[in-house]
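# Descriptive analysis of the structure
Given next are the chains, with one letter for each unit.
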Amino acid sequence: MFDYRSLRVALLGAGTVGAQVARLLLEESDELANRIGARLELVGIAVRDVDAPRDVDLPRELFTTDAERLILGADIVVELMGGLEPARSLVLQAIGSGADVVTANKALLATHGVEIFDLAEQVGAQVAYEAAVAGAIPIIRPLSESLAGDRVERIVAILNGTTNFILDRMDSTGETLEESLAIATELGYAEADPTADIEGYDAAQKAALLASLAFHTTVPLDQVHREGITTVDAAQVDSAKKQGYVVKLVAVCERVPGEDGTERISVRTHPALIDGRHPLAAVHGANNAVFVEAAAAGQLMFYGAGAGGPQTASAVLGDLVAVARRHVVGGPGLVASDHAALPIVPIGDICTSSQITLEVADRAGVLAEIAGVFAANGVSVARLEQSTDPNTGRATLVIGTHAARERALADTVAALSQSSAVVAVASVLRVEGTK
Ligand SMILES: NC(=O)C1=CN([C@@H]2O[C@H](COP(=O)(O)OP(=O)(O)OC[C@H]3O[C@@H](n4cnc5c(N)ncnc54)[C@H](O)[C@@H]3O)[C@@H](O)[C@H]2O)C=CC1
Ligand SMILES: N[C@@H](CC=O)C(=O)O
Ligand code: NA
């Protein structure tokens, strides 16, 4: 074996992902050294509890609870603790002391990315985060390097494995959200606080990171419109299926030119109906997919495991090898490209198509009343289907709209819920992926 120089790697966290990264670093040590031209020496692993049970058998002497001390003298710090603090302070400390950083922490980067990337640029350090978006799927590097010469128009993506797993199981097994979330947590897909998954925070953080890269614009997290899946119930999933749709939690990042032609973008995450024939409809379990439309490249789809320990560790190792190679061959790291600084359009101002399901009274004049509400708000109806339950006599109307401004749609739904013709607004879901 060639006598390579060593690069000191400090690992912060040995949970679902960290333990797999440690395992691969130890098991693949020789092969990685050959690929890099330097040996990655795992100098320690910071954890909360040194004696906590772990899925992977790792040498006990590597563990410490003193993360700050572990970082001192490291060439590369791999942050897999999650959360904002102490992750932020430790990452800043690592960069400040001359180390490069690899992280899977989208919450950290979407919240404190500007501070972290600015410091890295000042000191010439690298921050790599392929694992932070869509787990094992290569998407950060494709957007920042492979598509750097193209113009990304739109991204529609499934970015959260846990919610995709849950919606899929609600569809295929009829399980409740709570039942399938418990399984996703057991399998290591969910965040430490799964509210981040089911309320859409995790997908919103990832959408902010993708949109920043795609549109060369810093996207603050508080400007990403976010809705989770807690409002989605089995009836909606079932009814979507009958109409040839699937319900998915999607992230949409798109250019929405202003009326005067100004460049603007929209970044949002919410449940949506996806046409059963769209490639995103076939994304099952904890898989993710990123559907990119670029001016020259056309349509591209990146697909694979969006969560899971070994899968996410693959992306972390890829970053580690890339970062370590620069120690060997030199050269600058990637610099954030945010020169476009495009304005982000508030959700009320964008146009979307929706499907509205209403429980209505089965009497004369109902259709006219409902059509009147749509017309009064300037929302154009594209499709309307009525069915009547012979047992209850209650009629259901499923109304598909043409693209309409979100604000007008919200006013329409509010007026419908006040209308005497409407017994209940059963569901309002945007239709995405069809443009
Ligand atoms: N689990 C997954 O499938 C994926 C996770 N990620 C991200 O990877 C990161 C790690 O996720 P998991 O491995 O699932 O988390 P986890 O909760 O399983 O593991 C966290 C580890 O960090 C340690 N830790 C946490 N806070 C600490 C502190 N204050 N001091 C010392 N040690 C501390 C814990 O002891 C544990 O070893 C997160 O940022 C997560 O969002 C990204 C993609 C997929
Ligand atoms: N909790 C996340 C893990 C990966 O980022 C998910 O479910 O996608
Ligand atoms: Na990725």
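Thresholds applied
- Residues numbered from 1 in each chain as written.
- Chains lettered and ligands numbered in written order.
- Predicted model: local features only at pLDDT ≥ 70, side-chain atom pairs only at ≥ 80, totals over all residues.
- Heavy atoms only, no water.
- Near = heavy atom within 4 Å.
- Polar contact = N/O pair within 3.5 Å; in protein donor to acceptor, adjacent residues only side chain to side chain.
- Areas by Shrake-Rupley, 256 points an atom, 1.4 Å probe, with all protein chains shown as cover.
- Nonpolar A, V, L, I, M, F, W, Y, C, P; charged D, E, K, R; others polar.
- Core = buried A, V, L, I, M, F, W, Y, C linked by side-chain atoms within 4.5 Å.
- Buried < 20%, exposed > 50% of the residue type's maximum accessible area, 1.4 Å probe, protein only.
- Helix = DSSP H or I, 4+ residues; strand = E, 2+ residues; numbered from the N terminus.
- Contact = heavy atoms within 4.5 Å.
- 1 Å grid on protein atoms, 1.4 Å probe; cavity = no way out; pocket = protein on both sides within 12 Å on 5 of 7 lines; lining within 4 Å.
- Points joined across faces, edges and corners; volume = space filled by probe spheres on them.
- Donors = N, O, S within 2.8 Å, 3.2 Å for Na, K, Ca; no water.
- Patch = residues over 30% accessible without salt bridge, like charges linked within 9 Å, V, L, I, M, F, W, Y side chains within 5 Å.
- Salt bridge = Lys/Arg side-chain N within 4 Å of Asp/Glu carboxyl O.
- Phe/Tyr/Trp six-rings, centres within 6.5 Å; stacked < 30°, edge-to-face > 60°.
- Pairing = 2+ DSSP bridges.
- Axes fitted to C-alpha atoms, helices over the stretch in contact; angles between N-to-C directions.
- Domains from an automatic or database assignment.
- Buried area = accessible area lost by both parts, 1.4 Å probe.

The full set close to ligand 1 counts 21 residues, and Ala14, Val17, Lys106, Glu191 and Gly308 are the nearest of them. Within the side chain of Lys106, a nitrogen or oxygen atom sits 2.9 Å from an oxygen atom of ligand 1. In the model, an oxygen atom of ligand 1 is placed 2.7 Å from a nitrogen or oxygen of the Glu191 side chain. When isolated, ligand 1 has an accessible area of 830 Å², and the protein chains bury 85% of it. Across the shell around ligand 1, the residue classes tally to 10 nonpolar, eight polar and three charged.

With that settled, the discussion passes to the nonpolar core. The tendency in soluble globular proteins is for nonpolar side chains to be buried as a group. If you look at the biggest cluster of nonpolar residues, it comprises 56 residues, and the most contacted ones within it are Val77, Ile155, Leu159, Leu210 and Val290. The element best represented in this core is helix α10 (residues 201-215), accounting for nine residues. Every residue in contact with Val77, bar those within four places of it in the chain, is listed here: Ala10, Leu12, Ile71, Ala94, Ala99, Asp100, Val101 and Val102. Of all hydrophobic cores here, the second largest spans 36 residues; its members include Leu24, Phe63, Val102 and Val321.

Glancing now at empty space enclosed by the protein. A full pass over the atoms with the stated rule returns one cavity of 30 Å³ or more. Reported here for the largest cavity is a volume of approximately 30 Å³. If you trace the largest cavity, you find it lined by Leu143, Leu147, Ala148, Asp150, Val152, Leu213, Ala214 and His216. Classifying every residue of the lining of the largest cavity gives six nonpolar, one polar and one charged.

Another point: the site of ligand 2. Of all residues adjacent to ligand 2, which total 13 residues, the nearest are Lys106, Gly161, Thr162, Tyr189 and Glu191. Lys106 is positioned with one of its side-chain polar atoms (N or O) 2.6 Å from an oxygen atom of ligand 2. Here an oxygen atom of ligand 2 sits 3.5 Å away from a polar atom, N or O, in the side chain of Asn160. Relative to its free-state accessible area of 250 Å², ligand 2 is covered by the protein chains to the extent of 93%. Of all the elements in the fold, those that place two or more residues in the shell around ligand 2 are α7 (161-172) and α10. Taken together, the residues of the shell around ligand 2 sort by class into four nonpolar, four polar and five charged.

Take the coordination of the sodium ion (ligand 3) next. Around the sodium ion (ligand 3), the protein supplies Glu130 (O), Glu130 (OE), Val133 (O), Gly135 (O) and Ile137 (O) as donor atoms, at distances of 2.4 to 2.7 Å. Counting the intervening residues between successive donors of the sodium ion (ligand 3) yields the motif E-x2-V-x1-G-x1-I. Each member of the pair, Val133 together with Ile137, is buried.

Together, Leu367, Val381 and Leu384 give the surface a local cluster of nonpolar side chains, amounting to about 230 Å² of exposed area. Overall, the relative accessible area of 40% leaves Leu367 in the partly exposed class.

A few words on the packing of aromatic side chains. Per the counting criterion, the structure on display carries two aromatic pairs. Centroid distance Phe117 to Tyr129: 5.6 Å. Interplanar angle 55 degrees. Geometry classified as tilted. Of this pair, Phe117 sits in helix α5 (residues 106-123) while Tyr129 sits in the loop between β6 (127-128) and α6 (140-146), and the two are 12 residues apart along the sequence. On the numbers, 5.6 Å between centres and 65 degrees between planes, the contact of Phe165 with Tyr189 is edge-to-face. In this pair, Phe165 sits in helix α7 while Tyr189 sits in the loop between α8 (177-186) and α9 (195-198), placing the two residues 24 residues apart along the sequence. Residue class for Phe165 comes out buried when judged on its relative accessible area of 9%.

Attention now moves to the sheet that holds strand β2 (residues 39-46). In spatial order, the strands read β3-β2-β1-β4-β5-β6; together these six strands make up an open sheet with parallel pairing. The open sheet has two free edges, formed respectively by β3 (63-64) and β6, since each of these has just one partner strand. Both β2 and β3 contribute to a ladder of two bridges, which runs parallel. Directly across from Ile45, in β3, lies its bridge partner Phe63. Contacting β1 (6-12) and β2, helix α1 (residues 18-27) crosses the sheet at an angle of about 145 degrees to β2.

Moving on, we get to the domain arrangement of the protein. If you check the domain split of the protein, you get domain 1 (7-136 + 310-329), domain 2 (148-305) and domain 3 (347-433). Taken together, the 14 residues of domain 1 in the interface contact 15 residues of domain 2. At the boundary of domain 1 with domain 2, total buried surface from both sides reaches about 1100 Å², with 71% on carbon and sulfur atoms. At the boundary of domain 1 and domain 2, one finds two salt bridges. Linking Lys106 and Glu191 is a salt bridge whose minimum nitrogen-to-oxygen distance equals 3.1 Å. For the interface between domain 1 and domain 2, the tally reads three residue pairs in polar contact (both at pLDDT 80 or more). Split into classes, the residues belonging to the side of domain 1 that touches domain 2 amount to nine nonpolar, four polar and one charged.

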